[in-house]
Amino acid sequence: MSRAAKFKAALAVDELTERQARAEHKRLSDEIALHDKLYYEKDAPEISDADYDRLRQRLKAIEDRFPQFVDMFSPTQRVGTTPTTAFAKVRHARPMLSLDNAFTDEELQGFFDRVRRGLERETDLKPDEEIAFNCEPKIDGLSISLRYEDGEFIVGATRGDGTTGEDVTANLRTVEDIPHRLKGKAPRVVDVRGEVYMERQAFEEMNRRQEAAGEKTFANPRNAAAGSLRQLDASITATRPLRFFAYAWGEAEPRSWKTHSEYLKVLRSWGFRVNPLSHLCRTPEEVRAFYRKMSAERPSLPYDIDGVVYKVDRIDWQDQLGFVSRAPRWAIAHKFPAEQARTRLNGILIQVGRTGALTPVADLEPVNVGGVMVARATLHNADEIERLDVRAGDMVIVQRAGDVIPQVLGYVPEQRPKGAHKYHFPTHCPCPLKTRVQSEEGGVVRRCSGGLECPFQQVERLRHFVSRNCFDIDGLGGTHIENFFNDGLLKVPGDIFRLHEKEREIKKREGWGEISVRNLLAAIEARRTISLDRFINAIGIPLIGEATAKILAQEYGDGDAWLDEMLAAARERKKAPDAVKKEKAAVEVGPSYGRLCNVEQIGVTTADAMCAFFNEGHNVEIIRDLRRQLTVEGVARRAIAADAPLRDKTVVFTGELSTMTRDEAKARAEELGAKVTDSVSKKTSLVVVGENAGSKARKATELGIQTMTEDEWVKLSS
Ligand code: IVH
């Protein structure tokens with residue numbers, strides 16, 4: 001068997017021995033169960049529907065050949081869980097718009113001025129005539145559109161890109177605040193719009209339930225509402241405490257209301273909840289008073305709001321003002337500033353990241369910042385501490401905005417304790433190796449130089465390996481990795497896949513029972529097959545994150561090809577270590593290095609960091625160890641028809657195209673069987689030259705490669 005085939009591990013079903021088939025049946029069943037869970041419960045599918053279908057087909061083929069394997073637990077015997085394709089798309093009858101934001105009083109005044117000027121221009125508004133605004137809390141949830149025809153709820157959709165959303169009708173039917181039928185006299189058609197959200201308390205209770213059941217928890221009520229609404233199984237949505245406030249409309253025929261405030265009354269008469277805090281303000285002063293009132297009430301509201309929304313009340317005036325890009329000129333969101341609080345800085349801790357970077361962290365006396373307890377805040381780096389001049393014992397101001405990590409803004413000079421010492425960044429790493437701290441990148445980042453030997457970095461690398469976007473191993477999060485590492489159960493990533501050999505030992509540990517150990521080992525087993533991009537991301541190569549890992553997986557296709565190429569590039573670079581430009585990399589360093597440098601988003605700096613990584617024997621050993629235990633699934637390459645017109649051809653597009661985007665041109669070339677690359681080399685078959693093309697067009701001529709204009713390309717490709 002070739003190495004590539006082994007990497008993909010896909011023997012034809014009729015070649016399997018019974019023993020192999022049994023193992024494969026188990027592996028596939030576990031994998032399908034995992035993907036079912038990701039799809040139905042976590043709202044986070046990781047494989048395409050086509051790939052999922054392939055898993056099921058293979059399982060079915062095995063069961064057809066070995067019927068003795070079929071039992072009630074087989075995914076083929078479970079009815080009603082076969083995923084439908086994700087949500088259907090719904091085109092909104094009227095686009096769902098967004099709102100412009102105002103953060104400061106000047107920005108708000110600008111809005112009032114624009115509205116007045118606009119109305120004076122478009123209508124006969126008098127200079128002293130009042131413009132009434134309807135003011136509403138801006139709920140931090142997600143907006144949806146509900147279509148009612150002759151009073152009957154027909155279809156409900158998420159906002160999506162504003163033009164097209166997702167059909168979540170079945171889920172919305174489970175939300176109590178959404179009437180299935182409008183009360184009273186209903187128009188022929190109306191899209192009622194508003195916000196689906198979750199109350200804070202209900203959110204916390206739900207998270208506690210989820211946690212107790214070993215299920216995913218959510219970071220905040222907004223994410224929880226979004227995740228709950230996008231369930232493929234409406235019976236799950238039904239168990240989630242979703243609420244709905246109505247506040248807008250899309251298509252409405254006929255329309256009986258002339259002002260926004262009238263519409264809110266109509267909504268109530270139809271049976272909707274309308275935010276009781278909504279209020280009609282007649283002057284900018286009243287609007288400002290409303291903002292102050294909401295700011296003060298915000299902490300005691302049962303739900304999160306991130307500002308207030310002001311809407312010109314008269315609809316004829318709204319129509320006169322119209323829209324600019326995707327936001328109405330007649331409305332604005334007046335956002336609240338980030339939440340702040342004061343607390344004591346107990347000290348400054350140093351965290352060691354997986355690449356050795358040292359990050360100072362403020363150790364705070366726990367404080368409630370806008371409903372969330374904060375005990376730690378990042379101080380970024382030594383320069384930031386210097387700039388803030390915060391000292392242990394200081395009273396500091398902490399800020400939290402949305403999901404971002406809390407920050408320290410500064411200290412309160414009057415409350416600085418006598419004798420507070422200026423902070424000195426440690427000269428030695430707090431890790432057991434106590435290495436001398438190295439400065440790099442212009443002195444901003446400081447690093448532990450212990451590298452692979454540093455136990456702090458090793459733990460962080462393991463943490464990264466099991467994290468959500470990598471191997472996503474449930475049950476190894478939090479402090480488990482660190483504890484396992486300290487007790488010698490884990491040293492390198494490959495040890496995770498040998499943990500089953502230590503089942504007895506784990507069971508003896510405090511807090512680990514029969515079930516939790518079984519769940520952990522099952523979670524690990526389910527990850528013995530992993531996609532190439534996750535594998536690359538998990539290894540923790542410097543500068544390679546999730547997005548670049550995906551690009552690399554696309555470029556190299558399968559695990560063996562990728563690893564061979566990385567090792568080759570690293571060897572080439574070792575032999576030719578001088579500075580090099582991306583365009584010359586292939587010639588001056590070598591073909592594998594050149595290819596790597598030319599991968600989208602890579603370039604020489606990243607390629608060099610990767611080469612340094614692959615020139616480190618220990619890193620390669622970690623990968624080899626993993627490969628012995630895992631099946632790394634490559635990226636399915638498109639099957640190219642034998643008669644595809646550009647089969648085996650390499651095409652380069654250069655210069656500006658006028659009738660299509662670069663991506664469209666690329667997609668069309670690929671449809672025709674071509675490989676599209678960014679740089680011109682001897683291997684290039686065709687260069688399509690747009691306007692203002694430069695060196696690539698010249699190089700093509702020099703190398704005698706066929707070129708064509710955009711017009712010629714259009715003719716050829718259509
Ligand atoms: S009106 C054409 N009213 O804010 C106006 N939006 O930043 C459409 N939102 O996507 C929106 N509370 O999700 C409006 N009372 C309220 C709102 C509100 C929350 C959200 C909504 C929208 C976003 C715009």
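In the block above lies the structure referred to throughout.
All figures in this text were calculated on a predicted structure; none of them were measured in a lab. (Residues numbered from 1 in each chain as written. Predicted model: local features only at pLDDT ≥ 70, side-chain atom pairs only at ≥ 80, totals over all residues. Heavy atoms only, no water.)

Chemist: Looking at this structure, how should I read the site of the ligand?
Modeler: Taken together, L97, L99, E136, P137, K138, I139, S143, E195, Y247, V309, K311 and P328 are the residues near the ligand. At 3.5 Å, a backbone N or O of P137 approaches a nitrogen atom of the ligand. Protein chains bury 86% of the 530 Å² of accessible surface belonging to the ligand in isolation. Ranked by residue count, the leading element in the shell around the ligand is strand β3 (residues 133–139), at 4 residues. Among the residues making up the shell around the ligand, the classes are represented as 7 nonpolar, 1 polar and 4 charged. (Near = heavy atom within 4 Å. Polar contact = N/O pair within 3.5 Å; in protein donor to acceptor, adjacent residues only side chain to side chain. Areas by Shrake-Rupley, 256 points an atom, 1.4 Å probe, with all protein chains shown as cover. Helix = DSSP H or I, 4+ residues; strand = E, 2+ residues; numbered from the N terminus. Nonpolar A, V, L, I, M, F, W, Y, C, P; charged D, E, K, R; others polar.)

Chemist: I would appreciate a short explanation of the packing of aromatic side chains in the present structure.
Modeler: Aromatic ring pairs are described here by two measures, namely the spacing of the ring centres and the angle between the planes. Evaluated as defined, the whole model comprises 21 aromatic pairs. Ring geometry for Y148 against F153: centres 5.4 Å apart, planes inclined by 35°, an arrangement best described as tilted. Taken individually, Y148 and F153 each receive the classification buried, so the pair is uniform in this respect. Connected via pairs of aromatic rings, a cluster forms that spans Y148, F153, F244 and F272. (Phe/Tyr/Trp six-rings, centres within 6.5 Å; stacked < 30°, edge-to-face > 60°. Buried < 20%, exposed > 50% of the residue type's maximum accessible area, 1.4 Å probe, protein only.)

Chemist: Explain the pattern of salt bridges to me, please; I cannot follow it from the model alone.
Modeler: Any two side chains of opposite charge can pair, given that their charged atoms come close. Applying the stated criterion to the full structure yields 45 salt bridges. E482 is paired through a salt bridge with R463; the nearest N and O atoms lie 3.3 Å apart. Placement of the pair is E482 in helix α14 (residues 480–486) and R463 in helix α13 (residues 455–466), with a sequence separation of 19 residues. Given a relative accessible area of 28%, R463 falls into the partly exposed group. (Salt bridge = Lys/Arg side-chain N within 4 Å of Asp/Glu carboxyl O.)

Chemist: Even after reading the chapter, I still don't get the environment of A341, so can you show me in this structure?
Modeler: Structurally, the position occupied by A341 is in strand β14 (residues 339–352). It is 53 Å that separates the C-alpha atoms of A341 and G655, two residues lying 314 residues apart in sequence. In this view, A341 contacts V367, N368, V369, V396, I397 and V398; residues no more than four positions away in its chain are not counted. (Contact = heavy atoms within 4.5 Å.)

Chemist: What is the right way to look at the pairing of strand β25 (residues 686–689) in this model?
Modeler: Consecutive side chains of a regular strand alternate in pointing toward one face of the sheet and then the other. Pairing of strand β23 (residues 650–654) with β25 involves 4 bridges; the strand directions are parallel. Residue pairing in the sheet places V652 in a bridge with V687 of β25. With 4 bridges connecting them, β25 and strand β26 (residues 706–709) associate as parallel partners. Among the inter-strand pairings, V689 is bridged to a residue of β26, identified as T709. Regarding the hand of the β-α-β motif, the stretch spanning β25, helix α26 (residues 695–703) and β26 is right-handed. (Pairing = 2+ DSSP bridges. Right-handed = clockwise from strand over helix to strand, strands pointing away.)

Chemist: What should I look at first to understand the sheet that holds strand β4 (residues 142–149) in this one?
Modeler: Hydrogen bonds between backbone atoms are what pair the strands of a sheet, whose relative direction is either parallel or antiparallel. With respect to topology, 4 strands assemble into an open sheet ordered β5-β4-β7-β8, the strand pairing being antiparallel. Both outer strands of the open sheet, β5 (152–158) and β8 (242–253), are each paired with one neighbouring strand and no more. Neighbour-to-neighbour, the strand axes of this sheet turn through a mean angle of 25°, independent of strand direction. The pairing of strand β7 (residues 189–198) with β8 spans 9 bridges and is antiparallel. Of the residues in β8, the one forming a bridge with V196 is F244. Contacting β4, β5, β7 and β8, helix α7 (residues 221–229) crosses the sheet at an angle of about 130° to β7. The strands touched by helix α9 (residues 260–270) within the sheet are β7 and β8, with β8 carrying the most contacts at an inclination of about 115°. (Axes fitted to C-alpha atoms, helices over the stretch in contact; angles between N-to-C directions.)

Chemist: Help me understand the sheet that holds β25, please; the structure alone is not making it clear to me.
Modeler: Spatial ordering of the open sheet is given by β24-β23-β25-β26, a layout of 4 strands whose pairing is parallel. With partners counted over all chains shown, the strands left at the sheet margins are β24 (675–677) and β26, one partner each. Across the sheet, the mean angle from the axis of one strand to that of its neighbour is 30°, orientation sign disregarded. Along the sheet face, helix α25 (residues 662–671) touches β23 and β24 and points at about 165° away from the line of β23. Contacting β23, β25 and β26, α26 crosses the sheet at an angle of about 140° to β23.

Chemist: Explain the layout of surface pockets to me, please; I cannot follow it from the model alone.
Modeler: Using a probe with the size of a water molecule, rolled over the atoms, empty space left in the structure can be pinpointed. If you add up the space inside the largest pocket, you get close to 1900 Å³. Residue lining of the largest pocket: 41 residues in total, with E555, K675, V676, T677 and D678 positioned closest to the centre. Among the elements of the structure, α19 (546–556), α21 (585–588), α22 (591–597), α25, β24 and α26 are those that each provide at least two residues to the lining of the largest pocket. Classifying every residue of the lining of the largest pocket by side-chain character gives 12 nonpolar, 10 polar and 19 charged. (1 Å grid on protein atoms, 1.4 Å probe; cavity = no way out; pocket = protein on both sides within 12 Å on 5 of 7 lines; lining within 4 Å. Points joined across faces, edges and corners; volume = space filled by probe spheres on them.)

Chemist: Mind showing me how you'd approach helix α20 (residues 559–575) here?
Modeler: Between its first and last C-alpha, α20 extends 25 Å over 17 residues, near the 24 Å set by a 1.5 Å rise per residue. For α20, the tally of buried residues reaches 12 of 17 residues, placing the bulk of the element in the interior. Taken residue by residue, α20 has G559, D560, W562, L563, E565, M566, L567, A568, A569, A570, E572 and R573 as its buried positions. Taking the backbone nitrogen of D560 as reference, a side-chain oxygen 2.9 Å away marks D558 as the first, capping residue of α20. (Expected span 1.5 Å × (residues − 1).)

Chemist: Which parts of the structure should I look at to understand empty space enclosed by the protein?
Modeler: By the definition in use, this model includes 1 cavity of 30 Å³ or more. In this structure, the largest cavity is lined by E136, P137, I139, F245, A246, Y247 and N275.

Chemist: Honestly, a negative patch on the surface in this entry has me stumped. Any pointers?
Modeler: A contiguous patch of negative charge, built from E600, D663, E664 and D678, is present on the exposed surface. Mapped onto the elements, D678 comes out in the loop between β24 and β25. Accessibility expressed as a relative area gives 42% for D678, which makes it partly exposed. (Patch = residues over 30% accessible without salt bridge, like charges linked within 9 Å, V, L, I, M, F, W, Y side chains within 5 Å. Lys, Arg positive; Asp, Glu negative; His and termini not counted. Charge placed at Lys NZ, Arg CZ, Asp CG, Glu CD.)

Chemist: When you look at the packing of helix α6 (residues 200–212) against α7 in this model, what are you seeing that I'm missing?
Modeler: The geometry of a pair of packed helices is captured by two quantities: the angle between their axes and the separation between those axes. Where α6 contacts α7, the two axes come as close as 10 Å, and the packing angle between them is 70°. Taken together, the axes of α6 and α7 lie roughly perpendicular to each other. For the crossing formed where α6 meets α7, the hand is left-handed. From α6, R200, F203 and M206 reach across to α7, where they touch P221, A224 and S228. Of the residues belonging to the contact of α6 with α7, the class tally is 4 nonpolar, 1 polar and 1 charged. (Parallel < 35°, antiparallel > 145°, perpendicular 65-115°, else oblique. Left-handed = near helix turned anticlockwise from the far one by under 90°.)

Chemist: Help me understand the nonpolar core, please; the structure alone is not making it clear to me.
Modeler: Taken as a class, soluble globular proteins show a tendency for nonpolar side chains to be buried jointly. One finds I496, F535, L552, W562, Y593 and F614 to be the most contacted residues of the largest nonpolar core, which totals 62 residues. Setting aside residues up to four positions removed in sequence, I496 forms contacts with L462, F465, V466, I473, L476, L490 and I524. Counting 36 residues, the second largest nonpolar core, distinct from the first, contains V192, M206, F218 and A224. (Core = buried A, V, L, I, M, F, W, Y, C linked by side-chain atoms within 4.5 Å.)

Chemist: Please clarify how unusual backbone geometry should be interpreted in this entry.
Modeler: Both trends apply: most residues other than glycine have a negative phi, and most peptide bonds are in trans. The omega torsion across E253 and P254 is -5°, close enough to zero to call that bond cis. Positive phi values are uncommon outside glycine, yet H380 reaches one of about 65°. Along the chain, H380 turns up in the loop between β16 (372–378) and α12 (382–388). For H380, a relative accessible area of 36% corresponds to the partly exposed category.

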